[in-house]
Amino acid sequence: MKNLGLILVGGITVPVLLLVGVYILWPQRVAPQPKYVISIDEELHEYEDDLAKREAEFQRQLAELQQTLEREQTTFEANTEAWQTKMDQAQNQLDMLESQAQTLEQELFRLEITRTNQTANYQSQLSETRQQYETRIAELQQELKTAQERLAELKAQLPK
């Protein structure tokens, strides 16, 4: 039974494949060619001339546009380089100014500390000097009082 199926498949499939192959490879009839050939070279010549003129005009315009583009590109590159140079100079100036600002901030901080220290010293000296003067004034007032009392005693001892 198994062999019967194989025989049927082989017996039917192989002839069908052979028929399809023959049909595909069988030569076919060529389509008939027209008997009269009409030449249109003269009409094509006019169109070719017109197209050549148009192409030449487009090529000229393209060349002009290319030259313009190259000039603008050169100008753009020159402007870009000049701008970059200016930016570099400005950055250098900015860096220098930042450095100066830091130096000035440090100097300001140092001066602020010095001022604070000097103010404290002046306040201390002023306080000490004020105490010395107050002590000296108190001494002088005491001496003046003592001198006035003695003067009063001397005046009292003087004959009237």
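Summarised in this report is the structure supplied together with it. (Residues numbered from 1 in each chain as written. Predicted model: local features only at pLDDT ≥ 70, side-chain atom pairs only at ≥ 80, totals over all residues. Heavy atoms only, no water.)

Let's talk about the overall build of the chain
Looking only at helices and strands, the chain features two helices and zero strands. For the chain, buried positions account for 0% of its 160 residues. As presented, the chain carries roughly 16,100 Å² of accessible surface, and 60% of it is formed by carbon and sulfur atoms. (Helix = DSSP H or I, 4+ residues; strand = E, 2+ residues; numbered from the N terminus. Buried < 20%, exposed > 50% of the residue type's maximum accessible area, 1.4 Å probe, protein only. Areas by Shrake-Rupley, 256 points an atom, 1.4 Å probe, with all protein chains shown as cover.)

What about the pattern of salt bridges?
For the coordinates displayed, the defined rule picks out six salt bridges. Linking R60 and E57 is a salt bridge whose minimum nitrogen-to-oxygen distance equals 2.3 Å. Pair noted here: R60 and E57 are both in helix α2 (residues 41-157), with a separation of three residues, about one helical turn. For R60, a relative accessible area of 38% puts it in the partly exposed group. Using a relative accessible area of 32% as the deciding quantity, one classes E57 as partly exposed. Taken together, the shared-partner salt bridges in this structure form one network comprising E57, R60 and E64. (Salt bridge = Lys/Arg side-chain N within 4 Å of Asp/Glu carboxyl O.)

Comments concerning a nonpolar patch on the surface
Taken together, the side chains of L4, L8, I12, V16, V20, Y23, I24 and L25 define a hydrophobic patch exposed on the protein surface, amounting to about 890 Å² of accessible area. Secondary-structure assignment places L25 in helix α1 (residues 2-25). Judged by its relative accessible area of 73%, L25 is exposed. (Patch = residues over 30% accessible without salt bridge, like charges linked within 9 Å, V, L, I, M, F, W, Y side chains within 5 Å.)

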